[in-house]
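These are the residues of each chain, in order.
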Amino acid sequence: MGTARRRGHTVRRGHTGRRRGALAALFLSVLLLLPTGCASGPSLENQGEVTAPPGDSRNLTIGSAGFTESDLLATMYGLLLNQAGYKTSTLTVANRELYEPALESGQIDVVAEYAATFADWLNAKTHGANAPAVGSPDLDATMAALRKLAAPRGLTVLDPGRAVDQNAFAVTRAFAREHGLRTLSDLGESGVEVRLAAGDECVQRPYCEPGLKKTYGIDITGVDPKGVGTTQAKRAVQNGQDQLVLTTTTDATLDDFGLVLLTDDKHLQNADYIVPVVNRSRAGGKGVATALGKLNGVLTTRDLAAMNQQVDSWRRLPEDVARTYLRENGLLP
């Protein structure tokens, strides 16, 4: 998904030492093969039940998926937890197939996730790849489904804040001015034909070409398979080869290409609000929830996009950007 996306990953460093993604993944894969002195989630015999009180370990490992936004969130989580008296380290594992089992087993204690995406991922893991999706544009329904799926795995999903990183569509500013566009409904009502730069899966995903046609009546003449939010996709729209690009709401580089997002006014996209997910037996107590909950009152989608931009376009370190943001918002001294 470009440089700051949750599905296209790069590598980064941690709070208390630099760990490269490949080594971290190898280390973690070895950990997952070892017995864990005490089980953190329910056993097979009592799957679905919560049998132990929430834990409150003072030494916590925060997981990062290795892309800019995940790095920023992991760093902010660490700083807030440090202030609350916890010692933290960060482990980068650029693969949900590895870090989610590590979260269940307690090798990772805290990770920032995306509500609808994680709900659907756990649902597929639990009920099979063809299980009907449980993530939806309805945040309450999505959170209820996510928590129901997470609990039997020994995971607690904390409250979401205001920041959401969901799929979004952009056009050039000139194109928007020419056709009077502010929303996706405006684009559909304009009757303008558009070619869409996106991933090749867009032709069948309900949030992409089929949804744009059905929900908004947008006249899509074809999908240009240049990826989701990639430089190539945005350049194709910038130079007029395509007119619409699939990206995300926290894309940090839209200004660089003269692009603007069109509002998803009929809520086609799923509720991918950012939520902390913790291992219940190690980090399920009130201390962690209170510390991380402080971010909910301040962090917005726009804030997150601006921080992504500082890292991706201005080349600032995630640690510096995260610390400055927390200080400016009164969450750090």
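Residues numbered from 1 in each chain as written. Predicted model: local features only at pLDDT ≥ 70, side-chain atom pairs only at ≥ 80, totals over all residues. Heavy atoms only, no water.

1. Details of the nonpolar core
Right, on to step 1. Formed by 56 residues in total, the largest nonpolar core has its most connected members in Met76, Leu146, Val288, Leu295 and Leu326.
Right, on to step 2. Looking at which element gives the most residues to this core, the answer is helix H2 (residues 68-83), with 8 residues.
Right, on to step 3. Residues in contact with Leu146, not counting those within four places in the same chain, are Ala115, Phe118, Ala119, Leu122, Val157 and Val275. (Core = buried A, V, L, I, M, F, W, Y, C linked by side-chain atoms within 4.5 Å. Buried < 20%, exposed > 50% of the residue type's maximum accessible area, 1.4 Å probe, protein only. Helix = DSSP H or I, 4+ residues; strand = E, 2+ residues; numbered from the N terminus. Contact = heavy atoms within 4.5 Å.)

2. A closer look at the packing of H2 against helix H12 (residues 301-312)
Any two packed helices are characterised by the angle at which their axes cross and by the distance between the axes.
Right, on to step 1. Two numbers describe how H2 lies on H12: the axes approach to 10 Å, and their chain directions differ by 110 degrees. What the angle tells us is that H2 and H12 run roughly perpendicular. Together, Thr68, Glu69, Leu72, Leu73 and Met76 of H2 and Leu304, Met307, Asn308, Val311 and Asp312 of H12 make up the contact between the two elements.
Right, on to step 2. Broken down by class, the residue content of the contact of H2 with H12 amounts to 6 nonpolar, 2 polar and 2 charged. (Axes fitted to C-alpha atoms, helices over the stretch in contact; angles between N-to-C directions. Parallel < 35°, antiparallel > 145°, perpendicular 65-115°, else oblique. Nonpolar A, V, L, I, M, F, W, Y, C, P; charged D, E, K, R; others polar.)

3. A look at the packing of H12 against helix H13 (residues 318-328)
Right, on to step 1. At their nearest, the axes of H12 and H13 sit 9 Å apart, and the two run at 145 degrees to each other. Every pair of crossing elements has a handedness; the one defined by H12 and H13 is right-handed. On H13, the residues that touch Asp303, Met307, Gln310 and Val311 of H12 are Pro318, Val321 and Tyr325.
Right, on to step 2. Taken together, the residues of the contact of H12 with H13 break down into 5 nonpolar, 1 polar and 1 charged. (Left-handed = near helix turned anticlockwise from the far one by under 90°.)

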